[in-house]
Amino acid sequence: MENYTKYKLKAEDELASVLAGTDNIFVIACNKCFKEFETIDEPDCEAFKALAAAQGKTVTGSINIDFLCNKTQTDRKLIEAIPEGTESIFVISCGLGVQTIAAIEELPVYAACDSLNYTGHHGMALTKKACDACAQCYLNMTGGICPIVDCSKSLVNGQCGGAKNGKCEVSPDKDCAWEKIQQRLAQQGRLEELTSQPVQIRDYSKVNFKVINDYVKSIREKRFDGWYGGVHPVEGKERTESLPLVRFPEPKTAVFPLSMHLGAPATACVEVGDYVKVGQKLGEQAGFISAPIHSSISGTVVAIEERPHASRGTCMAVVVENDFKNELHESVKPNKSLEELTPAEIIDIVKNAGIVGMGGAGFPTYVKLNPGKPIEAVLVNACECEPMLTADHRMLLEYADDIIFGLQAEMKTVAAPKGIIVIEENKPDAIALLREKTADIEGIEVLEVSTQYPQGGEKMLIKRALGRSVPSGKLPADVGACVSNVSTVKAIADAIKTGMPLVERITTVTGKYIPNPGNFIVKIGTSAADLVAACGGIQGDDVTVKAGGPMMGFPQTTLDTPIMKGSNGIIAIDTDHSEPNECIKCGRCVDVCPMELKPLYFAKQVMDPVALKEKNIMDCMECRCCEYICSSKIPLVTMIKMGKNAVRGMK
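Here is what the cut-offs are and how they apply
Residues numbered from 1 in each chain as written. Predicted model: local features only at pLDDT ≥ 70, side-chain atom pairs only at ≥ 80, totals over all residues. Heavy atoms only, no water. Helix = DSSP H or I, 4+ residues; strand = E, 2+ residues; numbered from the N terminus. Buried < 20%, exposed > 50% of the residue type's maximum accessible area, 1.4 Å probe, protein only. Contact = heavy atoms within 4.5 Å. Areas by Shrake-Rupley, 256 points an atom, 1.4 Å probe, with all protein chains shown as cover. Lys, Arg positive; Asp, Glu negative; His and termini not counted. Charge placed at Lys NZ, Arg CZ, Asp CG, Glu CD. Core = buried A, V, L, I, M, F, W, Y, C linked by side-chain atoms within 4.5 Å. Pairing = 2+ DSSP bridges. Axes fitted to C-alpha atoms, helices over the stretch in contact; angles between N-to-C directions. Arc of directions from axis to C-beta. pLDDT = per-residue confidence, 0-100. Disulfide = S-S within 2.5 Å. Parallel < 35°, antiparallel > 145°, perpendicular 65-115°, else oblique. Left-handed = near helix turned anticlockwise from the far one by under 90°.

## As for the overall build of the protein
Here is step 1 of the chain: Regarding its fold elements, the protein presents 21 helices and 23 strands.
Here is step 2 of the chain: C-alpha atoms of the protein, sized along the principal axes, occupy 95 × 50 × 45 Å.
Here is step 3 of the chain: Counting only residues that meet the buried cut, the protein has 54% of its 651 residues in that class.
Here is step 4 of the chain: Within the protein, counting contacts between residues at least 6 apart in sequence, those at least 24 apart form 71% of the total.
Here is step 5 of the chain: For the protein, the accessible area works out to roughly 28000 Å², and carbon and sulfur atoms hold 51% of it.
Here is step 6 of the chain: Of the side chains in the protein, 70 bear a positive and 83 a negative charge, and the two mean positions are spaced by 1 Å.

As structure tokens, then:
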């Protein structure tokens, strides 16, 4: 492939000249981007260190960093990296990386490379022109501030006199580049280096800086609103967002997988031939991280056997033949009022009702409600950031009172003074309704957030709503938060008010190949095939059906799978026939990863669990942002899952 890397080490005689007035140097090298990913650390750093040693210079240390111009991650990498006694820093990168380091560090910063003219991509910049790659780099004499791109007039001989109060006369909202240059050099005691330089004569045609600067500023402000990374896929919600909920007919036969939650599968507590009622327990909780399973219909148990599962291939399941009598089990009865219930009683209700996270992960909710740590706020995840799905949106509009009740129950259980319902801005009707209903309720607020995937990720939600980051390996409770999906909160309200365990959920059926899409209230155990058939079936060839949304959903090889507690959608979309290519180290996956990881390494080192663990692969939430943006169409999430399994298998 063509290598678009845009820098190379300066010539030895020029480097010797730059090194002449320095010593005790620290070297920061960028691992080149936009090239085939063949090596972890580029060789330029060692070559420069050897040259510096030959000049009799002391190198206090060095560090190789991927995508140096990614200031967010570079900031973190450099914490305590530069040893005491360092007097200057040499940067091996294109102009973007040099400018990034010069803006971070107070020590003198020198460019050890030339940025080359180019016609392709340049670093991870949001625009090609963040560095003009002019091949006549001024960064060494200007303290790492580029007069070509930072000065609206691209002046290379000093300021023009047109600045007023430090602002440029061409772009009044822009600081004068030459004032910044002089201030930085004065702080470093290097101003004489600049003033002693001969006049630079140069003919340079400048692009419209203001247009580019405004564009970059607006994009960066938007993408750093609340948390790092994320993508903006086509929403595709218009087909179902205005369709009211419809109760789907009961199934003739219901299949109840004993594993529809995170943790140990439930243990069957009925036998073939047993008669069961609505709300009766079919499977007992089999561990601390587990949940019971209940029947959504009345009828006879006709089998306990392996059946297809939407995300696990197959799973042991209890199969019940419906008698359509809807006989209610005697355990299903209203509880005391919320005011009378103690936190311990609420936890027991939630536990016995088999309530789990209904946004996808299926984590048992009773565990969250017993954090053992002070909780400042309960967050209701009503973002529904996954494209195409509208189940949570309809839940907000049609069950607002139950959602508020469930939130109040959680707040009481964890003794949280604050409850926040977080909704993305693409649901203005739901935001208005919930704000109206909570206006007079103390401690509860509705937070409108920008529409960005994966805004609904637990850690993203906490960062956006509370401004706190959950450390690697820690839980929301460690930063004073408890997060529940909006459907989970509704299920808590049902369990308290009526005593009904989790036996139904709302599911969206949609996609360009579904003629009659909709939002349905579905009994758990209902066949996905029946649901799709009721929507007109799948019309078209070369179609991929997913359980869930297009980003995190699971491709289905059969529709002979049941609706489960976490089944928020069934979609029919175009099959992706993209063929993977070699990684070109473009850095896009790093730029969009909301967990601030480096997914390109997960693919490169998929057979090295030690390296994967060191790079925090277990923090990945498999949101698929990296795969969505990947230039080479590498199946990154598949490789990440393989890598996680390898890490779990380490002794």
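## Topic: the side chain of threonine 561
Here is step 1 of the chain: Topologically, threonine 561 is positioned in the loop between β22 (554-555) and β23 (569-574).
Here is step 2 of the chain: Classification of threonine 561 by relative accessible area gives buried; the value is 6%.
Here is step 3 of the chain: Not counting residues up to four positions away in its chain, the partners in contact with threonine 561 are Pro308, His309, Ala310, Thr526, Ser527, Ala528 and Gln556.

## Describing the nonpolar core
Here is step 1 of the chain: Judged by nonpolar contacts, the single largest core of 64 residues is most densely connected at Ile421 and Ile496.
Here is step 2 of the chain: Aside from chain neighbours lying at most four places away, what touches isoleucine 496 is Pro334, Asn335, Lys336, Leu338, Leu341, Ile346, Ile349, Phe405 and Ala409.
Here is step 3 of the chain: Membership of the second largest hydrophobic core comes to 40 residues, among which are Cys30, Phe48, Val98 and Ala112.

## Details of the sheet that holds strand β5 (residues 109-111)
Here is step 1 of the chain: The strand order across the open sheet built from 4 strands is β3-β2-β4-β5, with neighbouring strands paired in parallel fashion. With partners counted over all chains shown, the strands left at the sheet margins are β3 (59-66) and β5, one partner each. Taken over all neighbouring pairs, the strand axes of this sheet differ in orientation by 20° on average, direction set aside.
Here is step 2 of the chain: Relative to β3, strand β2 (residues 25-31) is paired through 7 bridges, and the arrangement is parallel. Bridging from a neighbouring strand, cysteine 30 pairs with isoleucine 65 of β3.

## A look at helix α9 (residues 343-352)
Here is step 1 of the chain: Those residues of α9 that fall on the buried side of the exposure criterion are Ile346, Ile347, Ile349 and Val350. All buried residues of α9 project into a common sector of 160° when viewed along the axis, lining one side.
Here is step 2 of the chain: Where the residues of α9 are buried, they touch α10 (365-368), α12 (400-414) and α15 (486-497).
Here is step 3 of the chain: Just downstream of α9, glycine 354 is the residue with a positive phi angle, here 70°.

## Quick notes on the sheet that holds strand β9 (residues 267-268)
Here is step 1 of the chain: Across the sheet, 3 strands lie side by side as β9-β11-β12; this open sheet has antiparallel pairing. Where the open sheet ends on each side, the last strands, each with one partner, are β9 and β12 (293-294).
Here is step 2 of the chain: Bridge count between β9 and strand β11 (residues 281-284): 2 bridges; the pairing is antiparallel. Counterpart to threonine 267 in the pairing with β11 is glutamate 284.

## A look at the confidence of the model for the protein
Here is step 1 of the chain: Overall, the prediction assigns the protein a mean pLDDT of 89, with 92% of residues at 70 or greater.
Here is step 2 of the chain: Under a pLDDT of 50 for its full length, residues 118-122 has, in the predicted model, 21 contacts with residues more than four places off or in other chains.
Here is step 3 of the chain: In this model, residues 125-129 is a region of pLDDT below 50 whose contacts with residues beyond four sequence positions or in other chains number 18 contacts.

## Focus: helix α4 (residues 95-104)
Here is step 1 of the chain: The buried count for α4 comes to 8 of 10 residues, which makes it a mostly enclosed element.
Here is step 2 of the chain: Here α4 has its buried residues at Gly95, Leu96, Gly97, Val98, Gln99, Thr100, Ile101 and Ala102.

## Focus on the state of the cysteines
Here is step 1 of the chain: Tallying each qualifying case throughout the model produces 0 disulfides.
Here is step 2 of the chain: No disulfide involves cysteine 383; its sulfur sits 6.4 Å from that of cysteine 385, the nearest cysteine.
Here is step 3 of the chain: When its relative accessible area of 0% is taken as the criterion, cysteine 383 is described as buried.
Here is step 4 of the chain: Counting only cysteine sulfurs, cysteine 625 is the nearest neighbor of cysteine 623, a cysteine outside any disulfide, at a range of 3.6 Å.

## What about the packing of α9 against α12?
Here is step 1 of the chain: At a minimum axis distance of 8 Å, the contact between α9 and α12 shows a crossing angle of 125°. Viewed along their axes, α9 and α12 adopt a mutual orientation that is oblique. As for how α9 packs across α12, the hand of that crossing is left-handed. Across the interface between the two elements, Pro343, Ile346 and Ile347 from α9 touch Ala409, Lys412 and Thr413 from α12.

## Things to note about unusual backbone geometry
Here is step 1 of the chain: Residue proline 454 follows tyrosine 453 across a cis peptide bond; omega there is 0°.
Here is step 2 of the chain: With respect to the helices, strands and loops of the structure, proline 454 is situated in the loop between β17 (444-449) and α14 (458-466).
Here is step 3 of the chain: Even without being a glycine, aspartate 542 presents a positive backbone phi close to 55°.
Here is step 4 of the chain: The residue aspartate 542 is located in the loop between α16 (528-534) and β21 (543-547) in this model.
Here is step 5 of the chain: The partly exposed category is assigned to aspartate 542, whose relative accessible area is 45%.
Here is step 6 of the chain: Positive phi, close to 80°, is recorded for arginine 624, a residue that is not glycine.
Here is step 7 of the chain: With respect to the helices and strands, arginine 624 occurs in the loop between α19 (609-614) and α20 (625-629).

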